[in-house]
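Structure assessment
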Amino acid sequence: MAITAQMVKELRESTGAGMMDAKKALTETDGDMEAAVDWLRTKGLAKAAKKAGRTAAEGLVGVCVDGGTGVAVEVNSETDFVAKNADFQSMVTGFTKAALTVDDIEALKAADMGGKTVETTLQETIAVIGENMTLRRMAKISGDSVAAYVHNAAADGLGKIGVLVAVKGADNGIAKQVAMHIAATNPMALSEADLDPTVVERERTVQTQKALEENAASAKPKPDAVIENNIIPGRMKKFLEENTLLGQKFVINPDLTVAEAAKQAGVEIVGFVRMAVGEGIEKEKEDFAAEVAKTLAG
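Residues numbered from 1 in each chain as written. Predicted model: local features only at pLDDT ≥ 70, side-chain atom pairs only at ≥ 80, totals over all residues. Heavy atoms only, no water.

Observations regarding helix H7 (residues 118-129)
A rise of 1.5 Å per residue sets the reference length of H7, with its 12 residues, at 16 Å; its end C-alpha atoms lie 16 Å apart and thus fit the reference within 8%. Among all positions of H7, only Val 118, Thr 121, Leu 122, Thr 125 and Ile 126 are buried. Looking down the long axis of H7, one finds its buried residues gathered within 140 degrees of arc, a one-sided arrangement. In H7, the exposed positions that point more than 90 degrees away from the buried face belong to Ala 127 and Val 128. Packed against the buried residues of H7 are helix H5 (86-99), helix H6 (105-110), strand E3 (112-113), strand E4 (116-117) and strand E5 (133-142). Of the residues flanking the end of H7, it is Gly 130, one or two places downstream, whose phi is positive at about 80 degrees. (Helix = DSSP H or I, 4+ residues; strand = E, 2+ residues; numbered from the N terminus. Expected span 1.5 Å × (residues − 1). Buried < 20%, exposed > 50% of the residue type's maximum accessible area, 1.4 Å probe, protein only. Arc of directions from axis to C-beta. Contact = heavy atoms within 4.5 Å.)

Digging into the domain arrangement of the chain
Taken domain by domain, the chain consists of domain 1 (3-46), domain 2 (56-191 + 243-274) and domain 3 (195-241). Centre-to-centre, using C-alpha coordinates, domain 1 lies 21 Å away from domain 3. Each partner contributes residues to the interface: domain 1 has 7 residues there, and domain 3 has 7 residues. Each partner contributes to the roughly 640 Å² buried at the junction of domain 1 and domain 3, and carbon and sulfur atoms together form 41% of this total. Summed over the three residues of domain 1 that lose the most area to domain 3, namely Asp 38, Arg 41 and Thr 42, the buried surface amounts to 73% of that side. (Domains from an automatic or database assignment. Buried area = accessible area lost by both parts, 1.4 Å probe.)

Quick look at the packing of H5 against H7
Where H5 contacts H7, the axes come no closer than 11 Å and their chain directions differ by 175 degrees. Overall, the two elements H5 and H7 adopt an arrangement that is roughly antiparallel. Contact with H5, carried on its side by Phe 88, Met 91, Phe 95 and Ala 98, involves Val 118, Thr 121, Leu 122, Thr 125 and Ile 129 of H7 and no other residues of that element. (Axes fitted to C-alpha atoms, helices over the stretch in contact; angles between N-to-C directions. Parallel < 35°, antiparallel > 145°, perpendicular 65-115°, else oblique.)

What about the environment of Asp 30?
Note on placement: Asp 30 falls in the loop between helix H2 (19-28) and helix H3 (33-42). For the pair Asp 30 and Val 258, spaced 228 residues apart in sequence, the C-alpha separation works out to 41 Å.

Some points on unusual backbone geometry
Of note in this structure, Asp 30 is not a glycine but carries a positive phi near 55 degrees. Look at Asp 30 and you get partly exposed, because its relative accessible area is 48%. The phi angle at Asn 152 is positive, at roughly 55 degrees, despite the residue not being glycine. Examined against the element boundaries, Asn 152 turns out to sit in strand E6 (residues 145-155).

As for the pattern of salt bridges
With the rule as written, the count across this model stands at 17 salt bridges. When the shortest N-O distance is used, the salt bridge between Lys 9 and Glu 13 registers 2.7 Å. Of the two residues, Lys 9 and Glu 13 both sit in helix H1 (residues 5-15), 4 residues apart, roughly one turn of that helix. The exposure class assigned to Glu 13 is exposed, which follows from its relative accessible area of 57%. Through salt bridges with shared partners, one network takes in Glu 58, Asp 80, Lys 84 and Lys 160. (Salt bridge = Lys/Arg side-chain N within 4 Å of Asp/Glu carboxyl O.)

Here we look at H5
The end-to-end C-alpha separation of H5 is 20 Å, in line with the 20 Å expected for 14 residues at 1.5 Å each. Taken as a whole, H5 has its buried residues at Phe 88, Gln 89, Met 91, Val 92, Gly 94, Phe 95, Thr 96, Ala 98 and Ala 99. The residue sitting at the N-terminus of H5 and contributing the capping side-chain oxygen is Asn 85; that oxygen lies 2.7 Å from the backbone nitrogen of Asp 87. (Polar contact = N/O pair within 3.5 Å; in protein donor to acceptor, adjacent residues only side chain to side chain.)

Overview of the side chain of Gln 248
Relative to the helices and strands, Gln 248 resides in the loop between helix H10 (224-243) and strand E8 (249-250). Within the structure, the side chain of Gln 248 is placed 2.7 Å from the side chain of His 181, a separation counted as a polar contact. Of note is the side chain of Gln 248, whose polar atom sits 3.0 Å from the side chain of Thr 185.

Thoughts on the pairing of strand E10 (residues 268-276)
Where burial is concerned, most of E10 is hidden: 7 out of the 9 residues are buried. Inspection of the sheet shows strand E7 (residues 158-168) paired to E10 by 8 bridges, in the antiparallel sense. Of the residues in E10, the one forming a bridge with Val 165 is Phe 272. (Pairing = 2+ DSSP bridges.)

Pasting the structure below:
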């Protein structure tokens, strides 16, 4: 496969690796971007790329809490200008409140909103504003109580990142603090049991290969048993601590894990939602000259 400059640029931006290292990684893996990231990591040339890499789509995330239930809804727009539009913001707020009464995105589209369905309201707003919009997803969570936090808020309950935290027990404010922590750290899962096994296995493979290569280059190589029984378990423990909410160091008090901070506050965290605008979506990229030519062509 031909390795393009754009591929090298993309790999460099996602890993922080040097240009020649990025090019070599792509060459060694026949242009497979995910495998190239792993190749760089085994050589100690890159950190793990975040799963929710590029955020390209615009729009807003709305969050709403009613007692022990919380919802988050994402509505995408083509431009950030529309996300600042008062009519668009009002629509997203309405969709989010309607989401409290349903359990999935399809039911939300059919839900009543002032005598019209949510889907009809969306289409009418598209016609008025003149820009394509998408009701992309929703998430719902419940517990004894739920706290919400919005990062980069555009209005009350609306922003670029919405977080919900559900707890068991009497919340004294810790859930809101944990929600702010989640916005900053973006954990993969609540606990080790909630992690995707394929993600864990991929990490184990990378760490094993890296440890073997480092050991082979060492002046005093360790026995394979030491690698397998001590070094790999230690590295996997660190991976789990960094990527599971309950195992992470609490940003407000790094002497405690999030689980320990919650326990001291007398609650148990039973679930969370972190929704960021556009995660997993990539816009088509055009160079400026092509964009101008397209505009001139009508």
